[in-house]
Amino acid sequence: MIEKFEVLKRLQSLKNKINGLEASQERRKQDVQKKKVQIENEKALAEKKHEAKIAVQKEIDRKELNLKTNEGEITKYNVQLNSIKSNKEYSILVSEIGSKKADISVLEDEILDTMSRLEIANQEHVKATEVLRNEEESLKDLIESVDAEVKGVDDEIEKIKNEQKKYVDLLDEYSLKHYNRLSNIKGGKAVVPVIGNVCGGCSMNIRAQTLNALMGGKDLVFCQSCSRILYLDDK
Ligand SMILES: [Zn+2]
């Protein structure tokens, strides 16, 4: 028959294994969350680039409208020129036409500049959209592989839990109760070895009385300082 503390040690090691596996699952789920946050940022950036592109396009539309208005006025002035009698009025109109033509020339230059900016804004939008699409694809792949990993680990945990049950069945109620209580509050170290008269859990010296109990008894022996379950290390 396998000794009580040996059963407890194995239970503890199985429990710590499960904790480790669950932590690794949690980390993988966090990876997915991080990727989702990253994609939200990429989405916001792509949206911003889209708005920037629209704004530049609107600027071009405004300038083109302005240009057409100026051209329309020049046409109107040219018609008026035919019916003007006085030299003064004539020269005022001619100078007005000259000024409109200058405006048009400035607008044409501005439109060309703005079109180059539109080209850049367009490229940036295309690039941001492409980055977003790639990230969304890779998120899909990540979710798929994390789901598979988590499921695999679930199966592994299930197996360990079945193994745990076998050991639990070997224990009396009293030992199990103390083990469970300590296991929950002592960070996975409920059962610790005594090495060189020192508790492996809290590093305090063990009383001679406790040592005697450990060597002789079959009952559980607890550290008088940290109240963990003690066993004598063979080494
Ligand atoms: Zn202790």
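Predicted model only: the values in this text are computed from it and were never measured.

About the cut-offs
Going along each chain's sequence as written, the residues are numbered from 1 onward. Reporting in this predicted model follows two pLDDT cut-offs: at least 70 for local features of residues, and 80 or more for side-chain atom pairs to be given and counted; totals over whole chains, interfaces and linings ignore these cut-offs and use all residues. The basis for every side-chain value is the complete set of heavy atoms in the structure, and neither hydrogens nor water enter the calculation. Numbering of helices and strands runs from the N terminus, with a helix taken as a DSSP run of H or I at least four residues long and a strand as a DSSP run of E at least two residues long. Buried means the residue's accessible area, taken with a 1.4 Å probe over protein chains only, is under 20% of the maximum for its type, while exposed means over 50%, and partly exposed covers the values in between. Coordination here is defined by N, O and S atoms within 2.8 Å of the metal (3.2 Å for Na, K and Ca), and since water is not considered, a site can look incomplete. A four-donor site is classed as tetrahedral when every donor-metal-donor angle falls between 85 and 135 degrees; four donors are called square planar, and six octahedral, when trans pairs exceed 155 degrees and all remaining angles lie between 65 and 115, with any other arrangement labelled irregular. A pair of aromatic rings is counted whenever rings of Phe, Tyr or Trp (Trp by its six-membered ring) have centres within 6.5 Å, and the orientation is called stacked for planes under 30 degrees apart, edge-to-face for over 60 and tilted otherwise. Strand pairing is assigned whenever DSSP identifies at least 2 bridges connecting the two strands. Working rule for contacts: check all heavy atoms of both residues, and any pair within 4.5 Å makes them a contact. Here an angle of 0 to 180 degrees is reported between the N-to-C directions of two axes, which are lines fitted to C-alpha atoms, with helices fitted over the stretch in contact. Definition used for salt bridges: Asp or Glu carboxyl oxygen within 4 Å of a side-chain nitrogen of Lys or Arg. In this description, a nonpolar core means a group of buried Ala, Val, Leu, Ile, Met, Phe, Trp, Tyr and Cys residues linked to one another through side-chain atoms lying within 4.5 Å. Bear in mind that the domain bounds are from an automatic or database domain assignment.

Asker: Tell me about unusual backbone geometry, and please be specific about residues and values.
Answerer: Here Asn-197, not a glycine, exhibits a phi torsion of approximately 65 degrees, which is positive. Residue position: Asn-197 is located in the loop between β1 (191-195) and β2 (198-199). If you check the backbone angles, Ser-227 has positive phi at about 60 degrees while not being a glycine. Tracing the chain through its elements places Ser-227 in the loop between α4 (208-216) and β3 (229-232). Given a relative accessible area of 32%, Ser-227 falls into the partly exposed group.

Asker: An account of the coordination of the zinc ion is requested, with residue identities and associated values reported.
Answerer: The zinc ion binds to the protein through Cys-199 (SG), Cys-202 (SG), Cys-223 (SG) and Cys-226 (SG); the donor distances cover 2.2 to 2.3 Å. What the four donor atoms of the zinc ion show is an angle range of 106 to 112 degrees at the metal, which sorts the shape as tetrahedral. In primary-sequence terms, the residues that donate to the zinc ion follow C-x2-C-x20-C-x2-C. Residue Cys-199 is found in strand β2, and its partner Cys-223 is found in the loop between α4 and β3; the two are separated by 24 residues along the sequence.

Asker: Explain the packing of aromatic side chains to me, using residue names and the numbers behind them.
Answerer: Following the criterion strictly, the structure yields one aromatic pair and no others. Aromatic pair Phe-5 and Tyr-231: ring centres 5.1 Å apart, planes at 0 degrees, arrangement stacked. Highlighted residues: Phe-5 in helix α1 (residues 4-82) and Tyr-231 in strand β3, separated in sequence by 226 residues. For Tyr-231, a relative accessible area of 9% corresponds to the buried category.

Asker: Go over the sheet that holds β2 with me, naming the residues and quoting the values.
Answerer: Spatial ordering of the open sheet is given by β2-β1-β3, a layout of three strands whose pairing is mixed. Two strands in the sheet have a free side with no partner beyond their single neighbour: β2 and β3. Strand direction decides the pairing type here: β1 and β3, joined by four bridges, are parallel. Residue pairing in the sheet places Val-194 in a bridge with Leu-232 of β3. The sheet strands contacting α1 are β1 and β3, and the helix crosses β1 at an angle near 120 degrees.

Asker: Give a detailed account of the pattern of salt bridges, specifying residues and quantitative values.
Answerer: This model, assessed by the stated rule, comprises 13 salt bridges. Between Asp-155 and Lys-151 there is a salt bridge, and its shortest N-O distance comes to 3.6 Å. Taken together, the positions of Asp-155 and Lys-151, both in helix α2 (residues 87-170) and four residues apart, correspond to about one turn of that helix. Taking the relative accessible area as the measure of exposure, Lys-151 reaches 52% and is therefore exposed. The structure contains a network of salt bridges with shared partners spanning Glu-6, Lys-9 and Arg-10.

Asker: Hey, could you go over the nonpolar core for me, with residue numbers and the actual values?
Answerer: With 18 residues, the main nonpolar core has Leu-8, Tyr-179, Val-191 and Ile-229 as its most contacted residues. Among the elements of the structure, α1, α2, α3 (173-185) and β3 are those that each provide at least two residues to this core. The greatest single-element share of this core, amounting to six residues, is contributed by α1. Two domains each put at least three residues into this core: domain 1 (4-169) and domain 2 (177-232). In contact with Leu-8, not counting residues within four places along its chain, are Leu-171, Ser-175, Tyr-179, Val-191, Leu-220 and Ile-229.

Asker: Tell me about the pairing of β1, residues and numbers included.
Answerer: It is a general feature of regular strands that their side chains alternate between the two faces of the sheet. Judged by how many residues are buried, β1 sits mostly within the fold: four of five residues are covered. Strand direction decides the pairing type here: β1 and β2, joined by two bridges, are antiparallel. Residue pairing across strands places Ile-195 opposite Val-198, the latter belonging to β2. Linking two consecutive strands that pair antiparallel, namely β1 and β2, is a turn of two residues; a positive phi of about 55 degrees is found at Gly-196 within it.

Asker: Would you mind going over the environment of Leu-45 in detail, with residue names and values included?
Answerer: Tracing the sequence through the fold places Leu-45 in helix α1. Put simply, Leu-45 and His-125 are 80 residues apart on the chain and 8.8 Å apart in space, counted from C-alpha to C-alpha.

Asker: I'd like a rundown of the side chain of Gln-12, residues and numbers included.
Answerer: Tracing the backbone through its elements, the reader meets Gln-12 in helix α1. Here Gln-12 falls in the buried class, since its relative accessible area comes to 11%. Contact partners of Gln-12, with chain neighbours within four places excluded, come to Tyr-179, Gly-188, Lys-189, Ala-190 and Val-191.

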